[in-house]
Amino acid sequence: YKFTVRSDNSAGAVTGFYVGQILLESSGAVETTPNDSFANAALLDVASGPAIAVGTLSSMSDLGVYAVDFTGMSFYRFELDSPAGQMSTQNRLLSLFDEYGRLITWSKRGYLSSNDYLYNRIERTGRHYLVVEATHETGLGGFALIGQNTGSFPTQRDIPIYYHDY
């Protein structure tokens, strides 16, 4: 479940009253202990829409490892989510590995997106691994991770050329 509080400004200016909304999210991937390796990774299914994973980093050597099945030539985004906003992203590292355990990319910004850079898309269809880890003691504790497919590489890549004769 996700609980959101917002102001009731339907009459214009904020009146001081608040509205609470409870949203039923899809069932998420729950971290199993231990899941500090690729062999024990919890499955995060991003194929059917946004997926949520929850876990806890209990020590500096603890990792949250999630298996993600990607479709080649697609774009994906993973983001640490918390009511604390950017506080939940501080001193946490997100790393993406391919099926052979090779590091593809990493981020300390609280999100990892395959369309941040030109042509930085997932090249291969198959199993990949997303790892959440703390880089300082203040990064320890619970976390929520949201992952989703944000699009596919366009099949029509040719740029139309127009000639204007003025």
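Residues numbered from 1 in each chain as written. Predicted model: local features only at pLDDT ≥ 70, side-chain atom pairs only at ≥ 80, totals over all residues. Heavy atoms only, no water.

Asker: Kindly report on the packing of aromatic side chains, identifying the contributing residues and their values.
Answerer: Counted by the stated rule, this structure contains 5 aromatic pairs. With a centroid separation of 6.4 Å and an interplanar angle of 90°, the aromatic rings of Tyr66 and Phe143 are classed as edge-to-face. Of this pair, Tyr66 sits in strand β6 (residues 63-70) while Phe143 is found in strand β12 (residues 141-152), placing the two residues 77 residues apart along the sequence. Each member of the pair, Tyr66 as well as Phe143, is classed as buried. The ring of Tyr111 has Arg77 lying over it, and the distance from NZ or CZ to the ring centre is 4.2 Å. (Phe/Tyr/Trp six-rings, centres within 6.5 Å; stacked < 30°, edge-to-face > 60°. Helix = DSSP H or I, 4+ residues; strand = E, 2+ residues; numbered from the N terminus. Buried < 20%, exposed > 50% of the residue type's maximum accessible area, 1.4 Å probe, protein only. Lys NZ or Arg CZ within 6 Å of the ring centre and 35° of its normal.)

Asker: How would you sum up the environment of Phe38? Please name residues and give values.
Answerer: Looking at the element boundaries, Phe38 is found in the loop between β3 (29-30) and β4 (42-43). Counting along the chain gives 90 residues from Phe38 to His128, while the straight-line C-alpha distance between them is 9.2 Å. With residues near it in sequence (within four places) discarded, Phe38 still touches Val65, Phe97, Gly101, Tyr129 and Val131. (Contact = heavy atoms within 4.5 Å.)

Asker: Tell me about the environment of Ala53, residues and numbers included.
Answerer: Relative to the helices and strands, Ala53 resides in strand β5 (residues 51-57). For Ala53, a relative accessible area of 0% gives the class buried. Residues Ala53 and Ala144 lie 91 residues apart in sequence; the distance between their C-alpha atoms is 5.7 Å.

Asker: Before we move on, could you go through the pattern of salt bridges and cite the residues and values that matter?
Answerer: A complete count under the given rule lists 3 salt bridges for this structure. Two residues, Asp69 and Arg127, come together in a salt bridge whose shortest N-O distance is 2.7 Å. Pair noted here: Asp69 is in strand β6 and Arg127 is in strand β11 (residues 126-134), with a separation of 58 residues, a long-range link. On the basis of relative accessibility, which here comes to 37%, the residue Asp69 falls in the partly exposed class. Between Glu79 and Arg77 there is a salt bridge, and its shortest N-O distance comes to 3.7 Å. Residue Glu79 is classed as partly exposed on the basis of its relative accessible area of 36%. (Salt bridge = Lys/Arg side-chain N within 4 Å of Asp/Glu carboxyl O.)

Asker: Any details on the nonpolar core? Residues and values, ideally.
Answerer: Formed by 21 residues in total, the largest nonpolar core has its most connected members in Leu44, Phe78 and Leu145. Not counting residues up to four positions away in its chain, the partners in contact with Leu145 are Leu44, Ala51, Ile52, Ala53, Tyr66, Phe78, Glu79, Leu80, Leu94, Leu130 and Val132. One finds Leu63, Ala67, Phe97 and Tyr129 within the second-largest nonpolar core, a separate group that totals 6 residues. (Core = buried A, V, L, I, M, F, W, Y, C linked by side-chain atoms within 4.5 Å.)

Asker: Which residues make up the sheet that holds β4, and what are the values?
Answerer: If you trace the 5 strands from one edge of the open sheet to the other, you get β4-β6-β11-β8-β9, paired in mixed fashion. The open sheet has two edge strands with one neighbour each: β4 and β9 (103-107). For strand β8 (residues 92-97) and β9, the ladder comprises 4 bridges, and the chain directions are antiparallel. In the sheet register, Leu96 faces β9, and the bridge partner there is Thr105. (Pairing = 2+ DSSP bridges.)

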